[in-house]
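# Coordinate inspection notes
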Amino acid sequence: VLLAAWSAMGDVTATISRQELPEYVECVSKALTLARDKVRRANKASHEYLIPALCLPKGLAPIVQIFLQGVLSAESADAREDATKGLTLAVSSTTSAALKAHIIAITGPLIRVVGDKHPSAVKSAILESLGVLINKGGIALKPFVPQLQTTFVKCLSDVQISVRMKAATAIGLLMALQTRVDALVNDLISTVESDETEAGICESTYKAIAGVFAYGGKNIAAPNVTRAVDAAYAALASSSSGERACASLALSRAFLWCPTEERTAVLERLNAGDGRAAEHREGVADALCQISRANGQVIMNDHASITLNALVRAASDERPPSRAAAARGLGALAAISATTSGGASPYLSKLMPVLSKLLRDAVIEVRYAATRAFRVIIHAAGPSEMSIHFESFMNVLAECAVADKSSEVRHQAERAVYRAFNLQNGMDEALEHLRA
């Protein structure tokens, strides 16, 4: 039935002239959205929602030209953006095997059109679509790698930040298909090292550097790893919050590919906090957080003491973003330790009071980060494992769950308490602890 229905769909769309195809973008996009919603409801645990008809051999054939013609020839910028988003939805709803037959037909036109003069929203949508194609198409996109790399690097200098950031994300994804990475990394690092590069361009370039290391770090030579680390470290003192954030991300990704001695040296520099300006301290705290989240096991194996000390110091900083970053970083490392050692972890007894203090912070962002950290730690350790630490945090966490002014903080706290008392299995354990 499915095959017959989709074949009939192909027969219908084949009768529509190319000039009229863009008129059907909205109708087909709504149908795809409804189909994905149905799949999502049937598979709530899944992280990928595949529409059965699109997973048939050449499953995109009946509808792909509707979207492509919308991208290429729709009359308004809004219509082109909608067509691109519909194409992205269709590609993300099929399998790699079913997509393979359409790779050339989709990728070539998108590369050509992204170089044309379009509003930023259209360019951003096209870059996002190309990113999804790279994820789904995999090795089938290998012939397009040089063109895609050139296109993405050019978009890193676009005047609109949305375009630059989409391009930065796409460059990282592309590195999974590229083995010769050093030349690109060298150019990207030279861009951020130049005093003439604007902060906005540096921001997107650091994000691109982070993506290159995340997906292609094993192919980067040691001198470029060191250059990336040094450049990102220097940018932590930038007056631009966006540049600091992306530099922190780049530093965390390059950190993994440093030798142990160099990683230790980086952490010592981050831990030397005397005399830094407030914005610099924010950058350092965010870098410590990102390093902890991206390289948690490496940190706990080789650099636990120095990293935890730096994060604990950041947790008492006068700037809320520093305290929030510290909470996220401490939560990530405590969860790694709890996964290995459960409630008996030697670090939990020292970190729980620090995070508990952040639950009473005056700033919502900090309280949210702290409640989220507790939720992650409790999940990693297992509910029964955390009972020996309840005295240090449970009263404050329960208070957040009941009385915090922020609904988001309350939600995180509620889920943490629910997991801590093992309430999914009934009230017995909770009542036992309450009596005690």
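Up top you'll find the structure we're talking about.
Residues numbered from 1 in each chain as written. Predicted model: local features only at pLDDT ≥ 70, side-chain atom pairs only at ≥ 80, totals over all residues. Heavy atoms only, no water.

A count of helices and strands for the protein chain gives 23 helices and zero strands. Considered along the principal axes of its C-alpha atoms, the protein chain spans approximately 75 × 60 × 35 Å. Across the 436 residues that make up the protein chain, the buried fraction comes to 53%. Here the protein chain displays about 20300 Å² of accessible surface, and carbon together with sulfur accounts for 53% of that area. (Helix = DSSP H or I, 4+ residues; strand = E, 2+ residues; numbered from the N terminus. Buried < 20%, exposed > 50% of the residue type's maximum accessible area, 1.4 Å probe, protein only. Areas by Shrake-Rupley, 256 points an atom, 1.4 Å probe, with all protein chains shown as cover.)

Assignment of secondary structure puts serine 407 in helix H22 (residues 407-420). Along the sequence, serine 407 and glutamate 81 sit 326 residues apart, while their C-alpha atoms lie 34 Å from each other.

With that settled, the discussion passes to the nonpolar core. Ile106, Tyr206 and Leu270 are the most contacted members of the largest nonpolar core, which has 137 residues in total. Setting aside anything within four residues of it in sequence, one finds tyrosine 206 in contact with Val192, Ala231, Ala232, Ala235, Glu243, Cys246, Ala247 and Ala250. (Core = buried A, V, L, I, M, F, W, Y, C linked by side-chain atoms within 4.5 Å. Contact = heavy atoms within 4.5 Å.)

Summarising the element assignment, alanine 332 is placed in helix H18 (residues 320-341). Alanine 332 gets classed as buried once you look at its relative accessible area, which sits at 18%. Between the C-alpha atom of alanine 332 and that of valine 1, which follows or precedes it by 331 residues, the distance is 49 Å. In contact with alanine 332, other than residues within four places in its own chain, are Ser292 and Arg293.

With 13 residues, helix H1 (residues 2-14) extends 18 Å from end C-alpha to end C-alpha; this agrees with the ideal 18 Å at 1.5 Å per step. All buried positions along H1 are accounted for by Trp6, Gly10 and Thr13. For H1, the angular spread of the buried residues around the axis is 70°, confining them to a single face. Opposite the packed face of H1, turned more than 90 degrees from it, sit the exposed residues Ala4 and Asp11. Structurally, H1 contributes buried residues whose contacts are with helix H3 (61-73). (Expected span 1.5 Å × (residues − 1). Arc of directions from axis to C-beta.)

Everything listed is a geometric property; what it means functionally is a separate question.
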